[in-house]
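Take a look at the letters that make up each chain.
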Amino acid sequence: MKLSPIWLLALCSCSIAAAAPCTLVREGNCRYALVLPEQPAQFEERAALELNHYLAKMCGANVLIEPEEPRVMVEIGRAAQSDDLRQRAAADEDGFFIEVTKRTVRLGGTTPKATLFAVYALLERLGCRWFMPGELGEGVPRIETIRIEPMSLVELPDFKSRQLLSLPEGSEDWALKMKLGGPSCPGAWRLTQLVPPAQYFQANPEYFALVDGQRTSTQLCTSNPKVIEIAAASIIAQHEANPSQTWFGIRPDEGAFCQCESCRALDAGDRDPFTGQ
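In what follows, the accompanying structure is described. For every chain, the first residue of the written sequence is number 1, and numbering continues from 1 along that sequence. Reporting of local features is limited, given that this is a predicted model, to residues whose pLDDT is at least 70; pairs of side-chain atoms are given and counted only at 80 or more, and all residues count toward the totals for whole chains, interfaces and linings. The side-chain numbers reported here are obtained from all heavy atoms of the structure, hydrogens and water having been left aside.

1. Comments concerning the packing of aromatic side chains
A pair of aromatic rings is counted whenever rings of Phe, Tyr or Trp (Trp by its six-membered ring) have centres within 6.5 Å, and the orientation is called stacked for planes under 30 degrees apart, edge-to-face for over 60 and tilted otherwise. A complete count under the given rule lists four aromatic pairs for this structure. Taken together, a centroid distance of 5.4 Å and an interplanar angle of 80° make the contact between Tyr54 and Trp130 edge-to-face. You can see Tyr54 sitting in helix α2 (residues 42–58) and its partner Trp130 sitting in strand β7 (residues 129–130), a full 76 residues away along the chain. The same class applies to Tyr54 as to Trp130, namely buried. Arranged with centres 5.9 Å apart and planes meeting at 50°, the rings of Tyr200 and Tyr207 form a pair that is tilted. Like Tyr200, the residue Tyr207 is buried in the burial classification. Put simply, DSSP marks the helices as runs of H or I at least four residues long and the strands as runs of E at least two long, and each gets a number from the N terminus on. Burial status follows relative accessibility: with a 1.4 Å probe on protein chains alone, a residue under 20% of its type maximum counts as buried, one over 50% as exposed, and anything between as partly exposed.

2. Quick look at a nonpolar patch on the surface
Each patch is built from residues lacking any salt bridge and having more than 30% relative accessible area; the joining distance is 9 Å for like charges and 5 Å for nonpolar side chains (Val, Leu, Ile, Met, Phe, Trp, Tyr). The Shrake-Rupley method, run with a 1.4 Å probe sphere, supplies the accessible areas, and residue values consider only the shown protein chains as cover. We count a salt bridge whenever a side-chain nitrogen from Lys or Arg sits within 4 Å of a carboxyl oxygen from Asp or Glu. Residues Phe131, Met132 and Leu136 make up a contiguous nonpolar surface patch of about 380 Å² in total accessible area. Checked against the element boundaries, Leu136 lands in the loop between β7 and β8 (138–139). Given the relative accessible area of 75%, Leu136 is considered exposed.

3. Comments concerning the side chain of Asp253
Note on placement: Asp253 falls in the loop between β14 (250–251) and α9 (261–266). We classify Asp253 as buried; its relative accessible area is 9%. Polar side-chain contacts of Asp253 include one of 3.1 Å to the side chain of Arg190. Within the local environment of Asp253, its side chain forms a polar contact with the side chain of Thr192, the two groups lying 2.5 Å apart. Polar contacts, as counted here, are pairs of nitrogen or oxygen atoms within 3.5 Å of one another; within protein the pair requires one atom able to donate a hydrogen and one able to accept it, and residues that are adjacent in sequence qualify only if both atoms are side-chain atoms.

4. So, unusual backbone geometry
Leaving glycine out, the prevailing phi sign among residues is negative, and the prevailing peptide bond configuration is trans. Look at Glu27: it is not a glycine, yet its phi comes out positive at around 50°. We note that Lys179 has phi near 60°; this positive angle belongs to a residue other than glycine.

5. Description of the sheet that holds strand β9 (residues 146–148)
Taken together, three strands build an open sheet; the order of strands is β2-β1-β9 and the sheet is antiparallel. Here the strands that pair on one side only, and so sit at the sheet edges, are β2 (29–30) and β9. Relative to β2, strand β1 (residues 22–26) runs antiparallel, the two being bridged by two bridges. Bridge pairing in β2 links Arg26 to Asn29. Strand pairing requires that DSSP identify at least two bridges connecting the strands.

6. A look at α2
Given 3.6 residues per turn, any residue in an α-helix points the same way as the ones three and four places further on. Taking 1.5 Å per residue, 17 residues should reach 24 Å; α2 reaches 24 Å between its end C-alpha atoms and fits that length. The set of residues buried in α2 consists of Glu44, Ala47, Ala48, Glu50, Leu51, Tyr54, Leu55, Ala56 and Met58. Directly beyond the C-terminal end of α2, a positive phi value near 80° is found at Gly60. In a helix, the anticipated span is given by 1.5 Å times the number of residues less one.

7. Some thoughts on the pattern of salt bridges
Enumeration according to the criterion identifies twelve salt bridges in this entry. Put simply, Asp92 and Lys160 hold a salt bridge, and the shortest N to O gap is 3.4 Å. Pair noted here: Asp92 is in the loop between α3 (83–89) and β5 (96–100) and Lys160 is in the loop between β10 (151–155) and α5 (172–177), with a separation of 68 residues, a long-range link. On the accessibility criterion, Asp92 (12% relative accessible area) is buried. Among the salt bridges present, the one from Lys226 reaches Glu229, with a minimum N-O distance of 3.4 Å.

8. Some details on the pairing of strand β3 (residues 32–35)
As judged from the four bridges shared by β3 and strand β4 (residues 72–76), these two strands associate in the parallel manner. Directly across from Val35, in β4, lies its bridge partner Glu75. Traced from β3 through α2 to β4, the parallel crossover comes out left-handed. Look down the strands so they point away from you; if going from the first strand over the helix to the second traces a clockwise path, that crossover is right-handed.

9. Some words on the nonpolar core
The tendency in soluble globular proteins is for nonpolar side chains to be buried side by side. The biggest cluster of nonpolar side chains holds 39 residues, and the ones touching the most others in it are Leu24, Leu55, Ile98, Val105 and Leu107. Counting residues per element, this core draws most heavily on helix α4 (residues 112–125), at nine residues. Two residues qualify as a contact provided that any one of their heavy atoms is within 4.5 Å of a heavy atom in the partner residue. Those residues in contact with Ile98 that lie beyond four places of it in its chain are Leu85, Arg106, Leu107, Ala118, Ala121, Leu122, Arg125, Met151, Ser152 and Leu153. Each nonpolar core is a collection of buried residues, namely Ala, Val, Leu, Ile, Met, Phe, Trp, Tyr and Cys, held together in the definition by side-chain atoms within 4.5 Å.

10. Notes on the sheet that holds strand β6 (residues 104–109)
Read from one edge to the other, the open sheet built from five strands follows the order β3-β4-β6-β5-β10, with strand pairing classed as mixed. In this open sheet, the two strands that pair with only one neighbour each are β3 and β10. Between one strand axis and the next, the sheet turns by 10° as a mean value, whatever way the strands run. In the sheet, β5 pairs with β10 via five bridges, with the strands oriented antiparallel. Opposite Val100, over in β10, you have Met151 as the bridge partner. Axis lines are fitted to C-alpha atoms, over the contacting stretch for helices. Their N-to-C directions set the angle, which ranges from 0 to 180 degrees. In this fold α2 packs onto β3, β4 and β6, with an angle of close to 165° to the strand it touches most, β3. On top of the sheet, α4 reaches β4, β5, β6 and β10; it is set at about 135° to β6, its chief contact.

What is shown is where atoms sit, not what they do.
In structure tokens, the structure reads:
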């Protein structure tokens, strides 16, 4: 089958139009208008403000003035009309989606906070970075004409819990830019809380660490099958008492580790490059 030159030209034109980038700012002039839900949530309003703020900063302006006849509509949050992407993003409460065509940008999420995540993800694709809390850790490129390539994507968290301990005071904004969230993990249980020395040490000293030829109650002998059995049973019992807890954190106690032959056989021989131990 042969196509006439006119048909070939038409097909090529359609292909180029479909792949044309979306221009939000041209030579410092705003070309877009924001579309928010009729009653926007706090995070949806913040998403719109953050997008405006960083796009203005990128092109060196204090503010971007919305044109009377916008060429691009940016739909935020529940105003983002993409049922298919929204449904896919709903697999997680922090899931979000981004859809970009020549005339439309859609930024939405399962929740209003996830919509803010979508805005930060789009800004990252434009080159913005937040390496640490505060303005010192911020990297914003200078671009007078801001274009976005067409895209359609859904992003879901790789980890349910995305928390950092001991963040400095005032890091809440940075944590949102990093898309932190999910359930908080309480402190881990010590191994000897699972196999308490008060209950087992006197009758079964072999459950505990052999250090310099002596059994000590400060650590467990983790190669002992009975120790593993008791620890597992303790965790199972606590989960049965609280079925909503789907994970359990444990950590070794302070003090020297067991030096019995079975435990030493588990040691790969690696050393901490900082301590040499």
